[in-house]
Each structure stands twice: as structure tokens, then as C-alpha cells.
Amino acid sequence: CSTKRNYVRLFLEKSESQGELAKKIETIQKLCKERKINVRSMSKGQLSRLSQGKAHQKVVLYCSKLEFVPIKNYESFKQILTKPSKNVYLLLDHVTDPQNFGALIRTGFFLGADGIIIGKDGSCPITSAVAKVSAGAVDLIPLYQVKYLEQFLAAAKNDGWNLIGTACGDPEDTEKKFVTVEDIKVNSNANAFLAFGSEGGGLSTDVKKHIDECVNIPPKNDSKNMGVYPYNIVDSLNVTVAAGI
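Only a predicted model underlies this, so the values are computations on that prediction, with no experimental measurement involved.

(A) Main features of the overall build of the protein. The secondary structure content of the protein amounts to 8 helices and 11 strands. Relative to its 245 residues, the protein shows a buried fraction of 35%. Considering only contacts within the protein whose residues lie at least 6 apart along the sequence, 85% involve residues at least 24 apart. Surface summary for the protein: the accessible area is close to 14,900 Å², and the carbon and sulfur share equals 50%.

(B) Summary view of the sheet that holds strand β2 (residues 38-42). Read across the open sheet, the 3 strands follow the order β2-β1-β3; overall the sheet is mixed. At either margin of the open sheet sits one strand with a lone partner, and together these are β2 and β3 (59-63). Sheet twist, expressed as the mean angle between neighbouring strand axes with direction ignored, is 20°. Across the sheet, helix α1 (residues 19-34) lies against β1 (7-13), β2 and β3, angled at about 150° from β1, the strand it touches most.

(C) Focus on the environment of G115. Within the secondary structure, G115 sits in strand β6 (residues 115-119). When its relative accessible area of 0% is taken as the criterion, G115 is described as buried. Along the primary structure G115 and P142 are separated by 27 residues, whereas in three dimensions their C-alpha atoms are 4.8 Å apart. For G115, the residues in contact, after removing those within four places along its chain, are V88, Y89, L90, I141 and P142.

How each quantity is defined
Residues numbered from 1 in each chain as written. Predicted model: local features only at pLDDT ≥ 70, side-chain atom pairs only at ≥ 80, totals over all residues. Heavy atoms only, no water. Helix = DSSP H or I, 4+ residues; strand = E, 2+ residues; numbered from the N terminus. Buried < 20%, exposed > 50% of the residue type's maximum accessible area, 1.4 Å probe, protein only. Contact = heavy atoms within 4.5 Å. Areas by Shrake-Rupley, 256 points an atom, 1.4 Å probe, with all protein chains shown as cover. Pairing = 2+ DSSP bridges. Axes fitted to C-alpha atoms, helices over the stretch in contact; angles between N-to-C directions.

Here's what the structure looks like:
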């Protein structure tokens, strides 16, 4: 069970379960007993009404809503770090789609990110859809919300953090360092933020101004075909796919 929620009661369907599902339900009941969570049995119809018609696999857990951990500034964030170096956090800038947000949480947890940071405004809240798409990772990885993201990044950069961005502008912009995903070189001991923006607008100006390197994932099609039909129809990756790469 996650320590990020308060658990009130577990509801189970009265019908007999068999095979792997029965073993899982038995494990869930054991965990509830260990954590002194009340368990109540009810009919299939009652459980379906309780879950508002959504799939429940004979189990419904009544618990508190999951919230972001608020971060006032970089110094308060620094106090909660569990290690001085080698921290890697996903920075999600105005990612509003719950499917993408949930998938990014799942990807971040699976690939070992230390946590996820979002800005206070213009980002997706933690919803049931996000939780489902994350496959439970939403309860396992730290989720932080920063009120003043631009000031936060400026302070982190001054303290030695690297900020690596994606979709951060024109590769011809000589003020930024653009590298392909194959060529990127990061100090393995450094702390880093991996920034991903919205699919429509990419990274915001407040984030882009602090970028150290802009990572480009080049298509495998011949470059001379880019911008030419039909190659111009698919000219980028979904943000969750890009994050996984």
C-alpha cells in the first residue's frame, strides 16, 4: 500500500474467485489485515454501483484523494532529496492530457526517475484516469508541484543541476546546444531535470531559457523527405514515447 493516502475500507465481492485472481484477493485481504484496514463484503450489484459502473475486478478500495506535494522553492525541495547527487526528475511543463500524464508517470517510475515535477498552473490534475493509465505508479513515485517554476529552475541551475529539454525550438538556434538522443552525454554524478512540454506548444519560454541541452530524436526517414507528403503528416513523437526513449 502507498503511504501517500489514507485508507478507510476495502469492499469485496461476495462471489467465489478462482485461480490467479483468488490469490491476488487473498494477498489484498492479508495486507488490509496487517494495516488494520476494515474489509466488507457485498454483492456484485452493490460493488458495481459503488464503483459507478467502472471495472473493479471484485475489489474496491475507499481511500483519500491523492494530492501533489507542494514545493515552495528550490531550498525546500533540496531539503527532501534523499541523496546529494545522481538525482533524475521528470519536469512536465503544461502536460494537460490525463492519458499522457499517466503514461509519463508509469514510464518515469519504470525507468527509475526519482520523481516528477510540474508547475502549479496549466498542468493535468491527478485524476482516476491518470491513476489507471499509470498502472498504479501514481502511488509509488513522488509527485511535486512547484508554485514558481521559473525561479525554481534558476535556483536549481545555480546549484549545479542540469536541465535537458525536448522540442525546445529551432535546431538552427546557435544559442542552444542541440544534440541527438544517441549523442547526448550527461555527467553520471550530476543532478538533472528532463523537461517535456505539451504536445501542442512544447516547452514554455520560462523553461526553455534555462535549458542546457536540447535533445532531438531524429526520424529514420531520409532527411530530404521531411516536409514532403506523406512524411510531413507524422513529423514528431507522442510525448510519452519520447520520454521512454
